[in-house]
Amino acid sequence: MQPYELTMAQALVKLDAGELSSRELTQSCLDRIEKVDSDIHSFITLDGEAALLQADQADQKRKEGDNGKLLGIPLGLKDLLCTRNLRTTCGSNILSNFIPPYDATVVESIKKEGGVILGKLTMDEFAMGSTSETCSFGVPENPWKKGYVAGGSSGGSATSVASGECFVTLGSDTGGSIRQPASLCGVVGLKPTYGRVSRYGLVAYASSLDQIGPFSRDVADSALMMNVISGYDRRDSTSVNREVPDYSQALVEGVKGLKVGVPREYFGEGLDPEVRTIVENGIRILQEQGAEIVEVSLPHTEYCIAVYYLIAPAEASSNLARYDGVAYGYREKEAETLLEMYKESRSVGFGAEVKRRILIGTYALSSGYYDAYYKKASQVRTLILGDFNRAFEQCDVLISPVVPTPAWKKGENVDDPLSLYLSDILTVSANLAGIPGMSVPGGFSSEGLPVGIQLQGPHFREDTLLRVAYNIEKGTGLGGKLASL
Amino acid sequence: MKITVEEVLHVAHLARLNLNEEELVKMTGQLDTILSYVDKLSELDTTGIEPTTHAHNSVNAFREDGVVTSLPREESLANAPEENGEMFKVPRII
């Protein structure tokens, strides 16, 4: 067994026992990247030299008695988390040369705990997409089947964990961008409650929906990452000042006494039969372990895509107004007037999907349309939140598919934005309601493509999600599984 | 049609984007499809329902009005497409 094949928890045991150094671990990941990344395209920016330096420092610190939670563990970051002195592109040409002068809070936390940053990972431009195909710096490939999408927007964060390039990664989830690629790539992905993790230093897409979370090859490693990144941060006024539990303690055997809700709207038309079978197997595993299964209803599910694709673009149109070619990012130097400089810099710098969402959002917020679109969507958002509140009076956790289908071929739907938007139907509601959601591997389709099972819980009950996921993982035996490449 | 070519041009100007002829036609068609779809929301009577702009009912978060260090000027200017050591430079305005 090569060092990169271990889970993070296993690697930490070996590091502590002195059986392995961080340098060996990091070199093993770098060798793996060298071998597979020309096919998988997980990385936008790889900094192997800096990683080895960090690894040596971690080895030195361990000798001095440091016991950082991630000490010596090589990991990767979605390329929208600001990293001091390390290029952060957001997958966009407009930020192709942006070198942040500061670290995001989660990056600070990772450094404080001794994590070794290998580099920055591929993603849809500004996190707008469901396949990572809008990335301006290479499109990641599904590690399980050549020619299939990795999912998105945090595509590289999923592929790098699934293929053994990184032990864990961070991504962000605005409408499913952690859970969906996790499902399509066969890894664990967790979107925490809105406010659980600081967004300071996360390049904003839709600020009332964005949340940072971990990817890993088993549930225990996601719990460890949650222990590192959770908590209040005065620099993010929407982060919540609330005690952070030890999430690793949540991983208890059995689910006796838990009520698991099955939302009937999530099993409707368009659900692939193989996906249904895999999720039903997950339900059976929990039932056998003593969970009570109850059917619940989320009646406004059919409206969630319409709500999401108004609110997210509206917020994006405002957030992305900052890319004007003045203080950083791409500038069209030929423009003679300030107005033309703004327009040309943005028109050359942004890709088609980003422009599309900026236009929808600007339209929805513009005079005369605000009430019909943005306000209406925000009212229906209240109804969606109400659906979840009622459901969680009847159960502790919801179980469902993450995506209606396994991964699809690259190039499909790229010119049909609405079809692609509709594939997000099972994930966007959690963001609108601000609740935590998770994808845990459930099985494989007959074509050999992974399928995840989604768990959603009440605000701040990541511990329940982790416990349930841990028990599903015991039942499927898929924990720690790597794609064979 | 939910949206016309003229409206898309107007919105593009508000968003400070230039669209060439081909982009304009394609974008108008795609925006029309998307806006027709989101019209689905009009099926719901939302009279009297408070809008949710934020998943938690958070109130404004204030911090102390204290002096803290900010980024040094040199670092603030380091990513600028054009600067003169003290300020960002842009095309002449007046």
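Procedures and definitions
- Residues numbered from 1 in each chain as written.
- Chains lettered and ligands numbered in written order.
- Predicted model: local features only at pLDDT ≥ 70, side-chain atom pairs only at ≥ 80, totals over all residues.
- Helix = DSSP H or I, 4+ residues; strand = E, 2+ residues; numbered from the N terminus.
- Buried ≥ 20, exposed ≤ 12 C-beta atoms within 10 Å, placed from the backbone.
- Contact = placed C-beta atoms within 7 Å.
- Pairing = 2+ DSSP bridges.
- Axes fitted to C-alpha atoms, helices over the stretch in contact; angles between N-to-C directions.
- UniProt positions renumbered as here; feature names shortened; annotations may be inferred.
- Parallel < 35°, antiparallel > 145°, perpendicular 65-115°, else oblique.
- Nonpolar A, V, L, I, M, F, W, Y, C, P; charged D, E, K, R; others polar.

### Let's talk about the overall build of chain A
Working step 1: A tally of helices and strands in chain A yields 15 helices and eleven strands.
Working step 2: In terms of overall dimensions, chain A has a C-alpha envelope of 65 × 55 × 45 Å along the principal axes.
Working step 3: Across the 485 residues of chain A, 62% fall into the buried class.
Working step 4: For chain A, the proportion of contacts with a sequence separation of at least 24, taken over those separated by at least 6, is 76%.

### Thoughts on the sheet that holds strand β11 (residues 450-456) of chain A
Residues and elements named next belong to chain A.
Working step 1: Read from one edge to the other, the open sheet built from eleven strands follows the order β1-β3-β2-β4-β6-β5-β10-β11-β9-β7-β8, with strand pairing classed as mixed. Because the sheet does not close on itself, it has two edges, and the strands there are β1 (43-46) and β8 (292-296). Ignoring which end each strand starts from, the neighbouring axes of this sheet average 30° apart.
Working step 2: By the bridge criterion, five bridges tie strand β7 (residues 259-263) to β8 in an arrangement that is parallel. When the sheet's bridge partners are listed, Val262 is paired in β8 with Glu295.
Working step 3: Strand contacts of helix α3 (residues 48-63): β1, β2 (74-78) and β3 (116-121), with the helix running at about 155° to β3, the strand carrying the most contacts.

### Considerations on the UniProt feature "domain: Amidase" (unreviewed entry) in chain A
Working step 1: On the UniProt side, "domain: Amidase" (unreviewed entry) is annotated at positions that read residues 24-466 of chain A here.
Working step 2: As annotated, residues 24-466 of chain A has a helix share of 37% and a strand share of 14%, and its two end C-alpha atoms lie 30 Å apart.

### Points about the UniProt feature "active site" (unreviewed entry) in chain A
All names here are of chain A.
Working step 1: Sites flagged by UniProt as "active site" (unreviewed entry) map to Lys78, Ser153 and Ser177. Separation in sequence by 100 residues is not matched in space for these annotated residues, since their most distant C-alpha atoms are only 10.9 Å apart.
Working step 2: Following the sequence through the fold, Lys78 ends up in strand β2.
Working step 3: Note on Lys78: 31 C-beta atoms within 10 Å, which makes it buried.

### Quick look at the packing of helix α11 (residues 352-365) of chain A against helix α1 (residues 5-14) of chain B
Working step 1: The contact between α11 of chain A and α1 of chain B brings their axes to 9 Å, and the two run at 95°. It follows from the interaxial angle that α11 of chain A and α1 of chain B lie roughly perpendicular. Contacts from Leu359, Thr362 and Tyr363 of chain A in α11 of chain A reach Val8, Val11, Ala12 and Leu14 of chain B in α1 of chain B.
Working step 2: For the contact of α11 of chain A with α1 of chain B, the per-class residue count stands at six nonpolar, one polar and no charged.

### Observations concerning unusual backbone geometry
Residue and element names in this part refer to chain A.
Working step 1: Looking along the chain, the bond that leaves Gly152 and enters Ser153 is cis, with omega of 10°.
Working step 2: Position of Ser153 relative to the elements: it lies in the loop between β3 and α5 (155-162).
Working step 3: Backbone geometry at Asn85 places phi at a positive 65°, although glycine is not the residue there.
Working step 4: Take Asn85: it is sitting in the loop between β2 and α4 (105-112).
Working step 5: For Asn85, a count of 12 C-beta atoms within 10 Å gives the class exposed.
Working step 6: Positive phi, close to 60°, is recorded for Cys90, a residue that is not glycine.
Working step 7: With respect to the helices and strands, the residue Cys90 is situated in the loop between β2 and α4.

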